[in-house]
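Listed below are the residues making up each chain.
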Amino acid sequence: MCSRRNFLFRLVGILLTAAVVPGVVSAAPAPVFSGERAMALLEYQCGLGPRIPGTSGHRALQDTLMATADRPGWEVRRGCFTTADPLLGGDMEVCNLVVVIPGAGGGPALWLGAHYDTRPLCDMDPDPAKQGLPLPGANDGASGVAILWHLMELADGNPPPRDLVLMFFDGEDSGRPGDPESFGLGSAHLAQNWGTFGSLLPPDRPRGMILLDMVGDAHLSIPMEAYSLAHAEDWTREVFARAEALGLPAFTARRGPAVYDDHIPFLRRGIPAVDLIDFDYPAWHTSGDVPVACSAASLAQVGALVTDLAYHP
Ligand SMILES: [Zn+2]
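Basis of the calculations
Residues numbered from 1 in each chain as written. Predicted model: local features only at pLDDT ≥ 70, side-chain atom pairs only at ≥ 80, totals over all residues. Heavy atoms only, no water. Helix = DSSP H or I, 4+ residues; strand = E, 2+ residues; numbered from the N terminus. Buried < 20%, exposed > 50% of the residue type's maximum accessible area, 1.4 Å probe, protein only. Contact = heavy atoms within 4.5 Å. Donors = N, O, S within 2.8 Å, 3.2 Å for Na, K, Ca; no water. Tetrahedral: all angles 85-135°; square planar, octahedral: opposite > 155°, others 65-115°. Phe/Tyr/Trp six-rings, centres within 6.5 Å; stacked < 30°, edge-to-face > 60°.

(A) Highlighting the environment of L211. Note on placement: L211 falls in strand β5 (residues 208-213). Judged by its relative accessible area of 1%, L211 falls in the buried class. For the pair L211 and I277, spaced 66 residues apart in the sequence, the C-alpha separation amounts to 8.1 Å. Not counting residues up to four positions away in its chain, the partners in contact with L211 are G113, A114, F169, D261, D262, H263, V274, D275 and L276.

Put into structure tokens, the structure is as follows:
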């Protein structure tokens, strides 16, 4: 039997207990992700021109991301290496950036990644005269970076409960068609060196890794990428279940195509990794990959998902 008086005592007891339990950090409210702000950051990147390794636009974006991450208590790490350029020949310098945002509590970190380089050629353009042009890279490059960039802005002064590790991959899109391993050079280097001396990545195992690639399509529909589902099924389903709980219609919990992408080297290291990608994008590797093919509403959905996962682990 529970009298009203007893109930009140118990309620007060529960509230007091919650207030004094050691280690319970009063959770800061999750910030609200702005699709409009992310869209402005996407347009800004495109305004820099192509972000091909070795170009001024690439260097400017790298500098701006590092300056954005230069906040008290945060760690910004840059790791460069020289490798053969698979598409254009010669050598190229590839520079990954890793930003560690310390959480307010403990527990395994969430790793989020996106590639910030853009493809040197529009080799899939239907117009042969445009196939030698550099890719504008609005969706293929800038969309994922815009979301991580805005997340940095939101986390400044409002730390998530657990560490957040943001990986800006370089050398993703200079690969030769038909040769998947010639793509994703930066992520491969980062993942292969995880746990070694001088690694840019923290040594502890993360809760999981989420890759954002081509997430800005105005007609966004993200299925469960097949390699993610095959090799990190629990994590993939957890991420998509969160999207469903949040009521985000761009995510459909069905098996999609297999895409060789920056998550593969992490799957090979045994890290649960999911690639959020909408590969049904007619402007892929064409001169049509420009901001008008993307939308703030699409970025808002992906941003809302990763923000929720970061703030409500
Ligand atoms: Zn690409």
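Having seen it, we continue.
(B) Structural context of the coordination of the zinc ion. Taken together, D140 (OD), D173 (OD), D173 (OD) and H285 (NE2) make up the protein donors of the zinc ion, found 1.9 to 2.8 Å from the metal. Relative to the metal, the 4 donor atoms surrounding the zinc ion lie at angles of 52 to 147°, and the coordination shape comes out irregular. Site description for the zinc ion: donor spacing in sequence, D-x32-D-x111-H. On the criterion of sequence distance, the pair formed by D173 in the loop between β4 (164-169) and α5 (185-192) and H285 in the loop between β8 (273-277) and α9 (296-311) is long-range, its members being 112 residues apart.

(C) Layout of the packing of aromatic side chains. According to the stated counting rule, one finds 6 aromatic pairs in the structure shown. Pairing W111 with F266 gives two aromatic rings, centres 6.2 Å apart and planes at 80°, and the pair type is edge-to-face. With W111 in strand β3 (residues 110-115) and F266 in helix α8 (residues 264-268), this residue pair connects regions lying 155 residues apart in the sequence. Here W111 matches F266 in class, with each residue buried. An aromatic cluster is built from W111, F169, W194 and F266, whose rings are joined through pairwise contacts.

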